[in-house]
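So the chains spell out like this:
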Amino acid sequence: MSGGLGRVTARAGLWMVAFYSLALVAVYYETAWSMVAIWARSETFAHGFLIMPISLWLIWSRRGELDQCIPAPNWKIAFFLLPISLTWLMAWLVDVAVVKQLALVAMLVAGCWAILGRAMASVLAFPLLFLF
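We now turn to the structure provided with this report. Bear in mind the structure is a predicted one, so any value in this text is a computation, not a measurement. (Residues numbered from 1 in each chain as written. Predicted model: local features only at pLDDT ≥ 70, side-chain atom pairs only at ≥ 80, totals over all residues. Heavy atoms only, no water.)

**Focus: the overall build of the protein**
Broken down by element type, the protein carries nine helices and zero strands. Reading the protein from its N end, one meets helices and strands in the order α-α-α-α-α-α-α-α-α. With the C-alpha coordinates aligned to their principal axes, the bounding extent of the protein is approximately 50 × 30 × 20 Å. Taken over 132 residues, the protein has a buried fraction of 36%. Sequence separation of 24 or more characterises 77% of the internal contacts of the protein that already satisfy a separation of 6 or more. (Helix = DSSP H or I, 4+ residues; strand = E, 2+ residues; numbered from the N terminus. Buried < 20%, exposed > 50% of the residue type's maximum accessible area, 1.4 Å probe, protein only. Contact = heavy atoms within 4.5 Å.)

**Focus on the layout of surface pockets**
Roughly 1300 Å³ of internal volume is contained in the largest pocket. Around the largest pocket, the lining comprises 43 residues; the ones closest to its centre are Ile51, Met52, Ser55, Leu108 and Leu131. The leading source of residues in the lining of the largest pocket is helix H1 (residues 10-27), at 10 residues. (1 Å grid on protein atoms, 1.4 Å probe; cavity = no way out; pocket = protein on both sides within 12 Å on 5 of 7 lines; lining within 4 Å. Points joined across faces, edges and corners; volume = space filled by probe spheres on them.)

**Some details on the pattern of salt bridges**
Applying the stated criterion across every chain, the model contains one salt bridge. Of the charged contacts, one joins Lys100 and Asp95 as a salt bridge, the two residues approaching to 3.7 Å between their closest N and O atoms. You can call Lys100 buried: its relative accessible area is 12%. (Salt bridge = Lys/Arg side-chain N within 4 Å of Asp/Glu carboxyl O.)

**Re helix H6 (residues 81-94)**
Every α-helix carries 3.6 residues per turn, so stepping three or four residues along brings you back to the same face. In this model, H6 (14 residues) spans 20 Å end to end at C-alpha, consistent with the 20 Å of a helix rising 1.5 Å per residue. When we look at burial in H6, the residues that qualify are Leu81, Ile84, Trp88 and Ala91. Projected onto a plane normal to the axis of H6, the buried residues spread over an arc of 90° and lie on a single side. In this structure, H6 carries Leu82, Leu93 and Val94 as exposed residues pointing more than 90 degrees from its buried face. On its buried side, H6 packs onto H1, helix H2 (29-41), helix H5 (75-78) and helix H7 (97-116). Taken from the residues just after H6, Asp95 is the one with a positive phi, measuring 60°. (Expected span 1.5 Å × (residues − 1). Arc of directions from axis to C-beta.)

**A few points about the state of the cysteines**
Counted by the stated rule, this structure contains zero disulfides. Cys69 forms no disulfide, and the closest cysteine sulfur to it belongs to Cys112, at a distance of 14 Å. Judged by relative accessible area, which is 12%, Cys69 ranks as buried. (Disulfide = S-S within 2.5 Å.)

**Some thoughts on the packing of H1 against H7**
Helices that pack against each other are described as a pair by the angle of their axes relative to one another and the distance between those axes. Packing of H1 against H7 leaves a shortest axis separation of 10 Å and a crossing angle of 155°. Judged by the angle between their axes, H1 and H7 are roughly antiparallel. Relative to H7, the crossing made by H1 is right-handed. Residue-level contacts link Gly13, Leu14, Met16, Val17, Tyr20, Ser21 and Leu24 of H1 to Leu104, Met107, Leu108, Gly111, Cys112, Ile115 and Leu116 of H7. A per-class count over the contact of H1 with H7 returns 11 nonpolar, three polar and no charged. (Axes fitted to C-alpha atoms, helices over the stretch in contact; angles between N-to-C directions. Parallel < 35°, antiparallel > 145°, perpendicular 65-115°, else oblique. Left-handed = near helix turned anticlockwise from the far one by under 90°. Nonpolar A, V, L, I, M, F, W, Y, C, P; charged D, E, K, R; others polar.)

The values are spatial; any link to function lies outside them.
Here it is in structure tokens:
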């Protein structure tokens, strides 16, 4: 197969994760916004603004290792999204913000793992878990 269409590169996998992340934030914008609102009004949680840039920097610093990996989506991991989503739904029904926020981050991490596969997720384990 010529043209490189048969092989998905690490960079393409990361772009898929970026699209997934943006879609997740768009769907759960109220939860994401509640996190930002807490960071903005509380000195205790103001460090939340630093977590995503640090995580992105940690991912960028592993770019050499990531270039050696090939994304291999693992759809079995995607099934973890169902109980995580149900947890978010239950938290939404009883209006427990912290559980909704943790579920959103868990959906992000599980989705990245499902899209990228075990090899790439193991390289990104610390930057992804740092989001918690």
